[in-house]
Amino acid sequence: MFPGPLPGVGALQTVLLLSSFSFSSSSSIPNISVYFGTKSRYEDVKPNLLEDPLTPDRSILRPPSSESCSPVHLTALIRHGTRYPTVKNIRRIQRLKQVVRTGTTGTADWWLQEIRTWENWYTEDMDGSLAEKGRSDLHHLSWRLSSLFPWLLSEENVKTKKVPVLTSSKHRCVSSAEAFQDGLHRRWGGGVTPQYVHRVNDELMRFFQYCRGYVEGVEKNRTAMMEVEKFKKGAEMEELRRRTAEKLKVHQHLLTTDLLEAAFFLCSYELAIKSVYSPWCFLFSESDAKVLEYSGDLKQFWKRAHGHVISGLSSCPLFHHIFRTLDKAGRPRRSTDPPPEPASILIGHAETLLPLLTLLGLYKDKTSPTASNYQSQHDTVGCSDPPHLV
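Since we're looking at a predicted model, the values are computed, not measured.

Quick word on the overall build of the chain
Within the chain one finds 15 helices and five strands. Among the 390 residues that make up the chain, the fraction classed as buried is 54%. Put simply, of all contacts in the chain between residues at least 6 apart along the chain, 81% involve residues at least 24 apart. Just so you have it, the chain exposes about 18000 Å², and 50% of that area is on carbon and sulfur atoms.

Put into structure tokens, the structure is as follows:
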């Protein structure tokens, strides 16, 4: 669904779109981690970050060979850091644990024994809040960006508050905004906790909830996600449900599609939040993971991306904000004019990024993924080369 890197937007301005769609080849993590979609670790895009999270990828700075230029402004659109599951998924995990307890006893593989004794440590008060790993994500990212653009995210610009930070009102985004600023403060040798300065702007960072056409045409439209529902009830998911119930030694009717997904998500949560190779990961083969990845991709495609034109159009407020900012920064100025803002930091959600990428016409498959074309589409849907991640 999202193949290929983002194109440059100009010699003088830089936009970085940071997303969580990621792939990894490391043998030290579950081989199915490449199919985690929006719940993947950021490090799996850039495996070198596992060894050195502070060194940026300088290959993204490639000005035209025929020109001599330097950045005058940076706009960074960033998804929040690693978070805990939402209360909806935590409740599904609780139900899953109850279902596992109904399984038949007796001889079992070691990983099944581990699953049966696994203690659910997720509590409802976590509800999608930023994990400590998420704070580290933003600390490290701010360090890498300031290394790439030291003249824009300079000590003077940071301490004189010339770098505005806009964020979604969701606590995981506000916490990410604070962590990003804290990282910049540490980068420049700050000894005390900085005074966080950021502005909540949901009309930009959660534009989808303000777009009437999107709310009525997709969010409240029962037919908008028809392909997703068909796939969840289709042959691939039903067969996967049967196999997984058999592995868990539970009755198939107890293992609903939601609980099947919860087990898969547990593998990704434990890896992303705690860097743990969870026993839940052993429930799924690579072919199983592909089916679940495709289910997730269908949801993103039909809810946030090219499945409905209005999904991309809903991001117009953010699109115009970004390009007005870039235009202002790149416009010729008189010597008496004040300099442009050196940088603008925008912190939102996957739901912020995907519609904007869609509006830009990126990552559009020739054939739309549907419930009936899994066999031909499951290896083409996905982000084999994600948006630039420094």
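Here we look at unusual backbone geometry
Here the phi dihedral of Lys-249 falls at roughly 60°; this positive angle occurs in a residue that is not glycine. Its place among the elements puts Lys-249 in the loop between α9 (235–248) and α10 (257–274). We note that Tyr-363 has phi near 60°; this positive angle belongs to a residue other than glycine.

A word on the nonpolar core
A general feature of soluble globular proteins is that nonpolar side chains tend to end up buried together. Formed by 52 residues in total, the largest nonpolar core has its most connected members in Ile-32, Leu-96, Tyr-122, Phe-264 and Trp-280. Elements that contribute at least two residues to this core include exactly α1 (87–101), α2 (110–117), α8 (226–232), α9, α10 and α11 (286–304). Counting residues per element, this core draws most heavily on α10, at eleven residues. Among the nonpolar cores identified, the runner-up in size contains 22 residues, and Ile-60, Leu-145, Val-165 and Ala-177 belong to it.

What about the pairing of strand β2 (residues 73–79)?
Most of β2 is tucked away, with seven of its seven residues classed as buried. In this structure, β2 lies alongside strand β5 (residues 343–348), joined through six bridges in parallel fashion. Bridge pairing in β5 links Ala-76 to Ile-345.

What to know about the packing of helix α3 (residues 132–148) against helix α5 (residues 171–187)
Viewed as axis vectors pointing N to C, α3 and α5 meet at an angle of 50°, and their least axial separation amounts to 7 Å. As the angle between them shows, α3 and α5 are arranged oblique. Crossing handedness for the pair α3 and α5: right-handed. The residues of α5 that touch α3, namely those facing Arg-135, Leu-138, His-139, Leu-141, Ser-142, Trp-143, Leu-145, Ser-146 and Ser-147, are Ser-175, Ser-176, Ala-179, Phe-180, Asp-182, Gly-183, Leu-184, Arg-186 and Arg-187. Of the residues in the contact of α3 with α5, the class split is seven nonpolar, seven polar and four charged.

Overview of a nonpolar patch on the surface
Residues Trp-110, Tyr-277 and Phe-282 make up a contiguous nonpolar surface patch of about 330 Å² in total accessible area. One can find Phe-282 in the loop between α10 and α11.

As for the side chain of Asn-201
Relative to the elements of secondary structure, Asn-201 occurs in the loop between β4 (199–200) and α6 (202–205). In this view, Asn-201 contacts Leu-166, Thr-167 and Arg-206; residues no more than four positions away in its chain are not counted.

As for the pairing of β5
Most of β5 sits inside the fold, with six of its six residues counted as buried. Going residue by residue along β5, you find Ala-343, Ile-345 and Ile-347 tucked away on one face and Ser-344, Leu-346 and Gly-348 tucked away on the opposite face as well. As defined by bridge partners, strand β3 (residues 165–167) adjoins β5 across three bridges and the pair is classed as parallel. Note that in β5 the partner of Val-165 across the bridge is Ile-345.

Quick look at the environment of Pro-56
With respect to the helices and strands, Pro-56 occurs in the loop between β1 (13–18) and β2. Between the alpha carbons of Pro-56 and Leu-145 there is a distance of 7.2 Å; along the sequence they are 89 residues apart.

Topic: the pattern of salt bridges
Applying the stated rule across the entire model yields 18 salt bridges. Note that Glu-238 and Arg-241 form a salt bridge whose closest N and O atoms lie 3.0 Å from each other. Of this pair, Glu-238 and Arg-241 both sit in helix α9, three residues apart, roughly one helical turn. Of the residues examined, Glu-238 reaches a relative accessible area of 29% and is grouped as partly exposed.

Considerations on the packing of aromatic side chains
Applying the stated criterion to the full structure yields 17 aromatic pairs. For the ring pair Phe-207 and Phe-208, a centre distance of 5.7 Å and an interplane angle of 80° mean the geometry is edge-to-face. The residues Phe-207 and Phe-208 share a single accessibility class, namely buried. When the ring of Phe-301 is compared with that of Trp-302, the centres are 5.2 Å apart and the planes differ by 75°; the resulting orientation is edge-to-face. For the pair Phe-301 and Trp-302, a shared accessibility class is recorded, and that class is buried.

Some thoughts on the state of the cysteines
In total, this model carries one disulfide according to the counting rule given. The partner cysteine of Cys-267 in its disulfide is Cys-281, sulfur to sulfur 2.0 Å. Given an S-S torsion of about 100°, the disulfide between Cys-267 and Cys-281 has right-handed geometry. Residue Cys-267 is located in helix α10, and its partner Cys-281 is located in the loop between α10 and α11; the two are separated by 14 residues in the primary sequence. With relative accessibility at 0%, the residue Cys-267 sits in the buried group. The buried category is assigned to Cys-281, whose relative accessible area is 5%.

Conventions adopted
Residues numbered from 1 in each chain as written. Predicted model: local features only at pLDDT ≥ 70, side-chain atom pairs only at ≥ 80, totals over all residues. Heavy atoms only, no water. Helix = DSSP H or I, 4+ residues; strand = E, 2+ residues; numbered from the N terminus. Buried < 20%, exposed > 50% of the residue type's maximum accessible area, 1.4 Å probe, protein only. Contact = heavy atoms within 4.5 Å. Areas by Shrake-Rupley, 256 points an atom, 1.4 Å probe, with all protein chains shown as cover. Core = buried A, V, L, I, M, F, W, Y, C linked by side-chain atoms within 4.5 Å. Pairing = 2+ DSSP bridges. Axes fitted to C-alpha atoms, helices over the stretch in contact; angles between N-to-C directions. Parallel < 35°, antiparallel > 145°, perpendicular 65-115°, else oblique. Left-handed = near helix turned anticlockwise from the far one by under 90°. Nonpolar A, V, L, I, M, F, W, Y, C, P; charged D, E, K, R; others polar. Patch = residues over 30% accessible without salt bridge, like charges linked within 9 Å, V, L, I, M, F, W, Y side chains within 5 Å. Salt bridge = Lys/Arg side-chain N within 4 Å of Asp/Glu carboxyl O. Phe/Tyr/Trp six-rings, centres within 6.5 Å; stacked < 30°, edge-to-face > 60°. Disulfide = S-S within 2.5 Å.

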